[in-house]
Structures are given as structure tokens and as C-alpha cells.
Amino acid sequence: MAATLVERGTDRATTRRRRPAATRVSWSSLLYVAPALAFFVVFVVVPIVQSVRISFYDWDGISVATPAGLSNYAAVFADADLRQALGHSVVLLFFYAALPVLVGLLLAGAMSRIRIHGLTVFRAVLFLPQILSSVVVAVAWRGLLAEDGPVNGFLRAVGLGGLARSWLGDFGTALPSIGLIGTWVEYGLCMVLFLAGIATIDRSLYEAARLDGAGAIREFTSITLPALRPQISIALILTITFALRNFDLIWNTTRGGPGTSTTVPSVFVYQDAFQDRALGQASALAVVLTVLILVVVGIVQLALRERKGAAS
């Protein structure tokens, strides 16, 4: 009995001695993340809080702000041009999210089966658009798609001059042209994500499938595609976010034109804030756009999670 009490006392004393050490380790760990956390708070959290606060005021950025209640949000939802811009964003979701994921899957599936010299360089070239500045991409494609640009020059050279036009200046082709530029930018990211996912798949699964007589398409649909569900989820989140918040690519190619055929909500945020000096309405629109992005991304995550649970 005495020995048991001595052991318990020793254990308690040891526990008391260990707690401060654990606490010190915890606090010392926080020191490593403190700079990043401070940066995040100052440049992300504080601006978001300020935007939400400003959205309830009428303010031009200089004079005294006056309370506006929910009038800025009411103006956002009542704006017909903004509803049209949201429709453009829905169209761009196909070009910026669905199409890059599809192209990335096809390229990753082909590259995982092809073993040729210089394939690494080829992958790097395909990923190059992702690391280029959006301004550089916009200026380059604006020249390529100009009326006297290389694209129209090629069409005229092969006898298809009737198709030549100012692709970014035509009401019917401006939005799809910007969408294809976004596809060119985003497919490299999707391809790299899918190649990384394919590298983690057990090779014995493919060998067993080949022994059963499965072809390349059957291997891809039965083994590769289900295994890439986490990477597809990440790719969709990144591309959907890019599609809904896209501004610099559109602003540096068409500035929302011709007319309002390529306007998106982020263009209205810029115009309200820096051209019309309506910072309250711009902040309200930014808040609505942020909530919309979070909702869409949440729906995508929920949908993929349900499919995963159903598959298991």
C-alpha cells in the first residue's frame, strides 16, 4: 500500500514537472508562426473587417462617411448590369474550371503512360502559363488576337480569312476568347496536381487491370480517376476561385468591353471604388463576391465528399 502511494506521488510530481515543459514547447512553437500570423492578420483579416464596416457607409474616401444601413447591399442586388456580370462569371466557370480540369486529366493520363526522352521539359513548358504574370499573359494574348495579329494572319494564310476578326473586340467572341485564355493559364496547374496524384497510385493496380484485359481507357476510368478525387477537389477549388475573382486578365485585355460583354463583378468593384469613388458600394459588392466564392467552393467540397463516402 505504501509503495503504491509512493508510486502515485512520484507520477503526480513527474506530471507537474512535465506540464511546464509542454507549455514552453507550445509557446515556443507559436513564435515560429507568429510572423506569418501577424502578416495574415494585418494584410488579410484587418482589410476584410474594414471592408465589411465600410460597406454600411456612404463614403468617397475623402469626406466624412455617413451611415447607409443596407442600402449599398440593396443597390448591389438591384443592379441589372451586375446580374449580367454574374452571368459572365458563370460562363467563365466553364472555361476557367471545368475545361482546365478536363484538359489536365487528359494530359496527366497520357503522360503517365508515355515514357519519352525530354518529357520533364515538356511538362515544364505546359506549366509555364501558370507562373507568368497575368498582365504579361493579357498583353501577349491581346497582341495574338488583334485584328492584324498572328491568329488572324494564320487564318488568312490557310484560306480561312472569312473567320478573321478582332477576337477581343467582337461582341460575340470577346467572352469566349477571354475564357480560352483562362483555360490556357489554368490547365498547367491542374495537370501538375493530377500528375502528383497519379505518382502515388499503387502500380500493382494497373498490372492487375492489364491482366484482366483492361485497356487504357478502362484503367483511367476505373483506377486513375477515382484515385484523383482529392486532387480534382483541390483543382476545382483553385480554378473556381480564380474564375470568380478574376480581374487583371479581363481588365488588361478588354476592360469589360466591348460594351459590357465581358464585365465581371470584380470590374464593378474597381470602377465603384477608384472611378466613381463609391467605396461603400464597392465594399458591399466585394463582401457579396467573397461570400459567393465561399458558398460555391463549399458546395464543391460537399459534393465531392459525398461522392467519396458513397464510393466507400
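Reading the values: the criteria
- Residues numbered from 1 in each chain as written.
- Predicted model: local features only at pLDDT ≥ 70, side-chain atom pairs only at ≥ 80, totals over all residues.
- Heavy atoms only, no water.
- Helix = DSSP H or I, 4+ residues; strand = E, 2+ residues; numbered from the N terminus.
- Buried < 20%, exposed > 50% of the residue type's maximum accessible area, 1.4 Å probe, protein only.
- Contact = heavy atoms within 4.5 Å.
- Core = buried A, V, L, I, M, F, W, Y, C linked by side-chain atoms within 4.5 Å.
- Axes fitted to C-alpha atoms, helices over the stretch in contact; angles between N-to-C directions.
- Left-handed = near helix turned anticlockwise from the far one by under 90°.
- Phe/Tyr/Trp six-rings, centres within 6.5 Å; stacked < 30°, edge-to-face > 60°.
- Lys NZ or Arg CZ within 6 Å of the ring centre and 35° of its normal.
- Patch = residues over 30% accessible without salt bridge, like charges linked within 9 Å, V, L, I, M, F, W, Y side chains within 5 Å.
- Areas by Shrake-Rupley, 256 points an atom, 1.4 Å probe, with all protein chains shown as cover.
- Salt bridge = Lys/Arg side-chain N within 4 Å of Asp/Glu carboxyl O.
- pLDDT = per-residue confidence, 0-100.
- Expected span 1.5 Å × (residues − 1).
- Bend = angle between axes of the 7 residues up to and from the residue.
- 1 Å grid on protein atoms, 1.4 Å probe; cavity = no way out; pocket = protein on both sides within 12 Å on 5 of 7 lines; lining within 4 Å.
- Points joined across faces, edges and corners; volume = space filled by probe spheres on them.

Novice: Requested: an account of the overall build of the protein, with residues and values cited.
Specialist: What the protein contains, in helices and strands, is 13 helices and two strands. Per-residue burial over the protein gives 34% buried out of 312 residues. Residue pairs at least 24 apart in sequence account for 66% of intrachain contacts in the protein once pairs closer than 6 positions are excluded.

Novice: Describe the nonpolar core, and please don't skip the residues or the numbers.
Specialist: Nonpolar side chains in soluble globular proteins tend to end up buried together. Counting 29 residues, the largest nonpolar core has Val101, Phe194, Ile232 and Leu236 as the members making the most contacts within it. Among the secondary structure elements, those contributing two or more residues to this core are α3 (80-111), α4 (119-131), α7 (174-199), α8 (203-211), α10 (229-245) and α13 (279-311). Residues in contact with Phe194, not counting those within four places in the same chain, are Val101, Gly104, Leu105, Ala108, Leu228, Gln231, Ile232 and Ala235. Grouped together as the second largest cluster of nonpolar side chains are 21 residues, Val137, Leu145, Ile181 and Trp251 included.

Novice: Mind laying out the packing of α8 against helix α9 (residues 216-227), listing which residues take part and the relevant values?
Specialist: Remark: α8 packs on α9, axes separated minimally by 11 Å, with the N-to-C direction vectors making an angle of 145 degrees. Like other packed secondary-structure pairs, α8 and α9 cross with a definite hand, here right-handed. Judged by residue contacts, Leu205, Tyr206, Ala209 and Arg210 of α8 engage Glu219, Ile223 and Thr224 from α9.

Novice: I'd like a rundown of the packing of aromatic side chains, residues and numbers included.
Specialist: Within the structure shown, the criterion is met by nine aromatic pairs. Each ring, one from Phe56 and one from Tyr73, has its centre 5.5 Å from the other, and the planes form 45 degrees; the classification is tilted. Taken together, the positions of Phe56 in the loop between α1 (2-54) and β1 (57-58) and Tyr73 in helix α2 (residues 71-78) put the pair 17 residues apart, joining distant regions of the chain. An aromatic cluster is defined as three or more aromatic residues linked by ring pairs; in this entry it consists of Phe247, Trp251, Tyr270 and Phe274. If you follow Arg165 out to its NZ or CZ, it ends over the ring of Trp167, 5.5 Å from the centre.

Novice: Residue-level account of a nonpolar patch on the surface, with values.
Specialist: A surface patch of nonpolar side chains, about 820 Å² in accessible area, is lined by Leu37, Phe39, Phe40, Val41, Val42, Phe43, Val45, Val46 and Val49. With respect to the helices and strands, the residue Phe39 is situated in helix α1. With a relative accessible area of 53%, Phe39 lands in the exposed category.

Novice: Kindly report on the confidence of the model for the protein, identifying the contributing residues and their values.
Specialist: Across the protein, the average pLDDT comes to 86, with 89% of residues at 70 or higher. Scored below 50 in pLDDT, residues 307-312 shows three contacts in the model against residues more than four places distant or in partner chains.

Novice: Just give me the short version of α7, but keep the residues and values in it.
Specialist: Compared with the 38 Å implied by 1.5 Å per residue over 26 residues, the 39 Å span of α7 between its first and last C-alpha is a close match. Along its length, α7 shows its largest kink, about 30 degrees, at Glu186. Counting buried positions over the 26 residues of α7 gives 19, a clear majority of the element.

Novice: Now, about the layout of surface pockets: what can you tell me, with residues and values included?
Specialist: Looking at the largest pocket, its volume works out to about 480 Å³. Contributing to the lining of the largest pocket are 20 residues, with Ser51, Val269, Ala286, Val287 and Thr290 lying nearest its centre. Going through the elements one at a time, α1, α12 (265-275) and α13 are the ones with two or more residues in the lining of the largest pocket. With nine residues, α13 is the single largest residue contributor to the lining of the largest pocket. What the second largest pocket holds in volume is close to 270 Å³. In terms of lining, the second largest pocket is formed by 16 residues, of which the most central are Gly109, Ser112, Arg113, Tyr206 and Glu219.

Novice: Could you give an account of the pattern of salt bridges, with specific residues and numbers?
Specialist: Overall, the coordinates contain one salt bridge when judged by the stated rule. We note a salt bridge from Arg210 to Glu219, for which the minimum N-O separation is 3.2 Å. With a relative accessible area of 45%, Arg210 lands in the partly exposed category.

Novice: Which residues make up the environment of Pro226, and what values go with them?
Specialist: Mapped onto the secondary structure, Pro226 falls in helix α9. Under the relative-accessibility criterion, Pro226 is labelled partly exposed at 34%. Residues contacting Pro226, with those up to four places away along its chain left out, are Phe220 and Thr221.

Novice: Please give an account of the environment of Ile201 that cites residues and values.
Specialist: The topology assignment puts Ile201 in the loop between α7 and α8. The buried category is assigned to Ile201, whose relative accessible area is 8%. Taking the C-alpha atoms as reference, Ile201 lies 7.7 Å from Thr224; in sequence the two are 23 residues apart. Aside from chain neighbours lying at most four places away, what touches Ile201 is Tyr206, Ile223, Thr224 and Ala227.

Novice: Which residues make up the side chain of Ser89, and what values go with them?
Specialist: Structurally, Ser89 is set in helix α3. What Ser89 contacts, discounting residues up to four positions off in sequence, is Leu244, Val264 and Pro265.

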